[in-house]
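Descriptive analysis of the structure
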Amino acid sequence: MLGATLTIHPQEIYAQAFTGADFSTWETSAQDSYIQTSLTMAGVVFSQVDPEKSACIDNWYLGEAQKADRNTYIRNTIAEYGSYHPSGTILAILLEACGPLN
């Protein structure tokens, strides 16, 4: 699980004080970029260690041209759990969508 967390945790925002509430103040395009980067990196890493999970992430996020809907869902969930780090919320969403990422 730690590997999965580190996979989707962008290094430029490593500060413990960064929360979903902070993330929610960003412009939508910046939020979408953060989300896409997190999910892309998770997919890339899992393509090397668990190709089925990588495919699940890609299909869940990109399948049937639903990226915009997924970004909205992720943004809303991050806002709902605003006291948590956005990467932790994204990880929880991936666990819900694709099962354990180990």
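Whatever comes next refers back to the structure up there.
Below you will find a few notes about this structure. This one's a predicted model, so the numbers in the text were calculated from it and none came from an experiment.

Quick word on the packing of helix α5 (residues 67-80) against helix α6 (residues 86-98)
A pair of packed helices is captured by two measures, namely the crossing angle of their axes and the spacing between those axes. Following both chains from N to C, one finds α5 and α6 inclined at 125°, their axes separated by 10 Å at the closest point. Put simply, α5 runs oblique to α6. Like other packed secondary-structure pairs, α5 and α6 cross with a definite hand, here right-handed. Where α5 abuts α6, its residues Tyr-73, Ile-74, Thr-77 and Ile-78 lie against Pro-86, Thr-89, Ile-90, Ile-93 and Glu-96. Taken together, the residues that form the contact of α5 with α6 break down as 6 nonpolar, 2 polar and 1 charged.

Concerning the pattern of salt bridges
In the structure shown here, the tally under the stated rule is 1 salt bridge. Put simply, Asp-32 and Arg-75 hold a salt bridge, and the shortest N to O gap is 2.3 Å. Linking Asp-32 in helix α3 (residues 28-49) with Arg-75 in helix α5, this pair joins segments that are 43 residues apart in sequence. In this structure Arg-75 comes out as buried when scored by relative accessible area, which is 17%.

Notes on the side chain of Ser-87
By secondary structure assignment, the location of Ser-87 is in helix α6. In this structure the side chain of Ser-87 is engaged in a polar contact, spanning 2.8 Å, whose partner is the side chain of Tyr-34.

Quick word on the state of the cysteines
This structure, assessed with the given rule, holds 1 disulfide. Between the sulfur atoms of Cys-56 and its disulfide mate Cys-98 the distance is 2.1 Å. Between Cys-56 and Cys-98, the S-S dihedral sits near -95°, and the bridge is therefore left-handed. Of this pair, Cys-56 sits in helix α4 (residues 51-62) while Cys-98 is found in helix α6, placing the two residues 42 residues apart along the sequence.

Criteria and thresholds
Residues numbered from 1 in each chain as written. Predicted model: local features only at pLDDT ≥ 70, side-chain atom pairs only at ≥ 80, totals over all residues. Heavy atoms only, no water. Axes fitted to C-alpha atoms, helices over the stretch in contact; angles between N-to-C directions. Helix = DSSP H or I, 4+ residues; strand = E, 2+ residues; numbered from the N terminus. Parallel < 35°, antiparallel > 145°, perpendicular 65-115°, else oblique. Left-handed = near helix turned anticlockwise from the far one by under 90°. Contact = heavy atoms within 4.5 Å. Nonpolar A, V, L, I, M, F, W, Y, C, P; charged D, E, K, R; others polar. Salt bridge = Lys/Arg side-chain N within 4 Å of Asp/Glu carboxyl O. Buried < 20%, exposed > 50% of the residue type's maximum accessible area, 1.4 Å probe, protein only. Polar contact = N/O pair within 3.5 Å; in protein donor to acceptor, adjacent residues only side chain to side chain. Disulfide = S-S within 2.5 Å.

Function-wise, these values are silent; they only describe arrangement.
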